[in-house]
Every structure is written in structure tokens, then in C-alpha cells.
Amino acid sequence: MSAEASAVPPAKAGGAPAGASPSRGAPARGDDPRRRAARRRRLVAAAFLLPALLLLGALVAYPILFSIGRSLFDASGTRFVGADNYVEMFSDPTTLKAVRNTAIWVVVAPALLTGLGLILAVLTEKVRWATAFKLLMFMPMAISFLAAGIIFRITYEQDPDRGVLNAVAVGVHDVFADRPAYPGARGREDSGETPLAKGEDGSYGTAADLAPGRTVSLGVVGVPPKEVPSDAEPATAPEGTSGAGDGSLAGTVYLDFTPGGGGEPGRIDSGERGLPGMTVQAVRDGKAVGETTTAADGSFRITGLDGGSYALRLPASNFAEPYGGISWLGPALVTPAIIGAYLWIWTGFSMVLIGAGLAAMPRDVLEAARMDGANEWQIFRRITVPLLAPVLTVVFVTLVINVMKVFDLVYIIAPGPVLQDANVLAMQMWLVSFGGGNNQGLGSAIGVLLLLLVVPAMVFNIRRFRRSQS
């Protein structure tokens, strides 16, 4: 065999010689079965994801892009104005107030909800009826915000006969303070032997020319017959005294109104009733030196007076309006009141999530701390809270995102006159766009601002979730 022949490498068994190029019938690298299977899996995944991607594009991506573009045009949408809507947004006092109220919501509501949820989740572990308690706390989540807003709109009513909170406030107040005897009444100023003059403080008084031993009749009007106390007796003319040496002033305070008409103003007529419980003061040199309360027939007697001239006064407390409770929906308290309604709805949500994290916490750490002599407060502060920090953070950030979008509670609970005092960004966006403003360019700019405020919290939450998963 020649040298050239011996230099040719032997062929592999059943195949071409080593180093020979593959035949044309062998599969190409791009047609590898594994690559084909991978491509097929990607196509199947894309087919399943396509409907969701189309929905996200139609319901999320397109509205966002459209709002950004619409914010660059005027109210009619025909003229490009650039950043003018954003400049107007930050120069409008109403929008700035909405930003301030939104900041209050973001700072107060999530912190309170997270704290309440943590406390309730820890406490419910100590009771046997924890499941029933959690059910009751979570039940408001099943109520729509519309229904919850109506409930709290009635609860916060100023009228104590309708508003539960003011009914409680008035009841507590009346325990420690006397109710006005005849709210809205007034003294008879135009007739009678002793006409009454109204003072600057709302009281009614006679001229300062009454000496001890005198008797007077003080007529009062403006008292509806149905509000006259049931124990009121017919008024009688005041009895005389034994003279100035008696050191007393006597008289009758009566309702100067004759049922059925008739009678003479300024004098006690048949059928007119006395006004019991009316405070009467003897005044000298502008100071009250004696005081008494009228009897069932309206009669009174102030004794122990020295010689000289006095005036009789019916203090303003007799005629003051009764305590009407707290103005929960007034300009000062409307935002805290709505936040209170929001807490009622979302406390159960916070408690359940934190309770789930508490249930997953290792118990051996707590038992070890107790064996080392730690009390419950130390365990809560140094072990429970640090171990629950990831859960607390997720709950807090989720609630921050939620409160930035609050709308319906504010719209339903806040009365029209104070709606601007309770305004938030989501409400302002609706008012500017559809609630009478009809400026969808400015409304879109507010929507873009709201999106920019929500996105960082969403990104933080997603990253936190991914880290916990990994």
C-alpha cells in the first residue's frame, strides 16, 4: 500500500470517514428537535398570553397613552397647548387643596390601618372567638363604597335625632350641662308694666328701678305651646310682699300668649301658663347679686337684698339654642370624618393580611423569648414587629396605592358646601373633566399626575414581592 493510501484516516463504523463533511441528508443545526420544541412552547405561551396582552393594551396601555396625549391639548381637544395644563394645574388653588388633602390621606390612613390591623391581629390570637371577630371585622369589605358612604353620611348628621354620633355627643353633654329652658324664646319688649329690653349678651332685663318689696310680671313670647313643660301651671299674679324691709323681689314669668286668641299683651290673662325652670337674677351695678328659679306657675322670689334699686334679668342661658353636637361634616372635620369611614371599611383587610403573616411566624422564637424572661410587650416590640416587617410593608404600600384613588367616599359623604374642603386628586380629576368643568385636557393632566404618584409605590411593591419569592 502506498504512503498516500496509508495517510487516509479510517472510516468510522457505519459512517463517513472522520473529518469528512456531513452528507446533504443530515439535519441542519437550525432544525434541531430541541429548538423546534422550544419554538413550539414559545408559540403556545404567546397564544395563551395574547388575549391577556390585548386586554391590557386596550384597558391599560391605550388609556394611559391617550391621557398623556390628551393632557397636551386644550379643553376642546383641537389646539395643542403643550405643558399649559400642567402649569394651570399647579397654579389652581382648588387643585393644590386636593393635593394637600391627598397627602393627608396618604400619611394618615395607611399608617392608622396598618397599626390597627397589627394590634387587632395580635389581640385576636389571645381570644377563643378569634374567627368570629375576624369575620365581623372583615364584613365591611363586602359592602360597596356607595352603601358605606350613605351609612356614614347618616351617622355624621348634625341633627341628633338622625346622626348616631351626635346623639351620643348630645347625651353625654347634657349629663354634665343643663339644657336651655326655652331655646329661641324672647322677652316681651313692647308692652306691659315692666317691659323687657334685650341685652348684648342675649339676656332680657327690666330697667334698674325696682326696689325690694316690688312685684313684677315678666312676659315671654316665642315659646311653642307644645314646648311648654307638662308640669306648667296657670300663671297667677305675683303676691305682694311686706314692704321694702322684706328685702325681696317677687314676680311671675309667664307665656304671654292666650290660646284661642284674645287677651291683653303685657298682663296675665286667663288661660296663660307660667314658665317653670326659668332662671331670674337680681342685678345691681351690672352684677348679679341674687338668683332663683321659677316655680311651676312661673312665680319667683329673690330674697336677701339690701335697700336700693335693682333690675331683674332673665339670663341668655334661658333662651340659648340647645347643644347640637359636633359638626362632623363641617370644613374643619370633614376629611378626618371620611378617613374614619375608610378605616371602618379597610381595617378588616389589614387585620386579615397581618394575621396571615402572624400565623406563619415561627413559634419557637416566641417561646424562647418567653423562657428567657421577656414580657409580652418586649416580645411584641422586639420580635413580632421585626419579623412581620415585610408583611407590614406590603400592607402599608398597598393601602397607599388605594388611598390615592379614593373617590366615592368623598363624593357621597361630603355635603355640597364643603365638597371642596374634602376634595382629593381623584375627585378633582372627575370634577374638572365631567363634573361641570368640561376641561378634559386639564383633567387628563391631573390623571397623569395621579399615575406618576402611584407608579413608585407599585414598583416598590412588585420588587418587594419578587424578593420575597426569591
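The rules behind the values
- Residues numbered from 1 in each chain as written.
- Predicted model: local features only at pLDDT ≥ 70, side-chain atom pairs only at ≥ 80, totals over all residues.
- Heavy atoms only, no water.
- Domains from an automatic or database assignment.
- Pairing = 2+ DSSP bridges.
- Helix = DSSP H or I, 4+ residues; strand = E, 2+ residues; numbered from the N terminus.
- Contact = heavy atoms within 4.5 Å.
- Salt bridge = Lys/Arg side-chain N within 4 Å of Asp/Glu carboxyl O.
- Buried < 20%, exposed > 50% of the residue type's maximum accessible area, 1.4 Å probe, protein only.
- Phe/Tyr/Trp six-rings, centres within 6.5 Å; stacked < 30°, edge-to-face > 60°.
- UniProt positions renumbered as here; feature names shortened; annotations may be inferred.
- Polar contact = N/O pair within 3.5 Å; in protein donor to acceptor, adjacent residues only side chain to side chain.

1. A few points about the domain arrangement of the chain
Domains assigned within the chain are domain 1 (83–161 + 328–467) and domain 2 (186–318). Each of domain 1 and domain 2 has a C-alpha centre, and these two points are 58 Å apart.

2. Quick word on the sheet that holds strand β2 (residues 197–198)
The sheet built from 5 strands is open, its strands ordered β2-β3-β9-β6-β7 with antiparallel pairing. Only two strands of the sheet have a single neighbouring strand rather than two, namely β2 and β7 (287–293). Two elements, β2 and strand β3 (residues 204–205), share 2 bridges in a ladder whose sense is antiparallel. Pairing of K198 across the sheet is with Y204, part of β3.

3. Overview of the environment of R79
Structurally, R79 can be placed in the loop between α2 (33–70) and α3 (84–91). Note: C-alpha distance between R79 and V394 (315 residues apart in sequence) is 43 Å. Residues in contact with R79, not counting those within four places in the same chain, are L72, F73 and D74.

4. Some thoughts on the pattern of salt bridges
Enumeration over the complete set of coordinates arrives at 9 salt bridges. A salt bridge links R34 to D32; its shortest N-O distance comes to 3.3 Å. You can call R34 exposed: its relative accessible area is 68%. The partner of E125 in a salt bridge is R363, with the nearest N and O atoms 2.9 Å apart. With a gap of 238 residues between them, E125 in the loop between α4 (93–124) and α5 (130–138) and R363 in helix α9 (residues 363–371) connect regions that are remote in the sequence. Salt bridges sharing partners connect three or more residues here, namely E367, R370 and E376.

5. A word on the packing of aromatic side chains
One pass over the structure, following the stated rule, counts 14 aromatic pairs. Between Y204 and F319, the aromatic rings sit 5.4 Å apart at their centres with planes inclined by 85°, giving edge-to-face as the arrangement. Residue Y204 is located in strand β3, and its partner F319 is located in the loop between β9 (311–314) and α8 (334–359); the two are separated by 115 residues in the primary sequence. We classify Y204 as buried; its relative accessible area is 4%. A centroid spacing of 5.9 Å and a plane angle of 25° characterise the contact between Y342 and W346, whose relative ring orientation is stacked. Taken together, the residues Y342 and W346, both in helix α8 and 4 residues apart, mark about one turn of the helix. Neither Y342 nor W346 differs from the other in exposure class; each is buried.

6. So, the sheet that holds strand β5 (residues 249–255)
Across the sheet, which stays open at both edges, the 4 strands sit in the order β1-β4-β5-β8 with mixed pairing between neighbours. Where the open sheet ends on each side, the last strands, each with one partner, are β1 (186–187) and β8 (299–302). Looking at chain direction, β5 and β8 are connected through 4 bridges and run antiparallel. Each bridged residue has a counterpart across the sheet, and for G251 the counterpart in β8 is F300.

7. Let's talk about the pairing of β7
Sheet topology note: the strand β6 (residues 279–284)/β7 ladder contains 6 bridges and is antiparallel. Within β7, the position partnered with R284 by the bridge is K287.

8. Quick word on the UniProt feature "transmembrane region" (unreviewed entry) in the chain
What UniProt calls "transmembrane region" (unreviewed entry) maps, in this numbering, to residues 43–65, 103–123, 135–156, 341–362, 383–401 and 441–462. Across residues 135–156, helical content stands at 68% and strand content at 0%; the span's end C-alpha atoms are separated by 25 Å. Helix makes up 86% of residues 341–362 and strand 0%, and the two end C-alpha atoms of the span are 35 Å apart.

9. Section: the side chain of Q281
Summarising the element assignment, Q281 is placed in strand β6. A distance of 2.9 Å separates polar atoms of two side chains, one belonging to Q281 and the other to E291. Residue contacts for Q281: discarding those within four places in its chain leaves A288, G290, E291, I302, A311, L312, R313 and P315.

10. Thoughts on the pairing of strand β4 (residues 215–221)
Most of β4 sits out of view: 5 of its 7 residues are buried. Here 2 bridges tie β1 to β4, and the two strands are oriented antiparallel to one another. The partner of G187 across the bridge, within β4, is V220.

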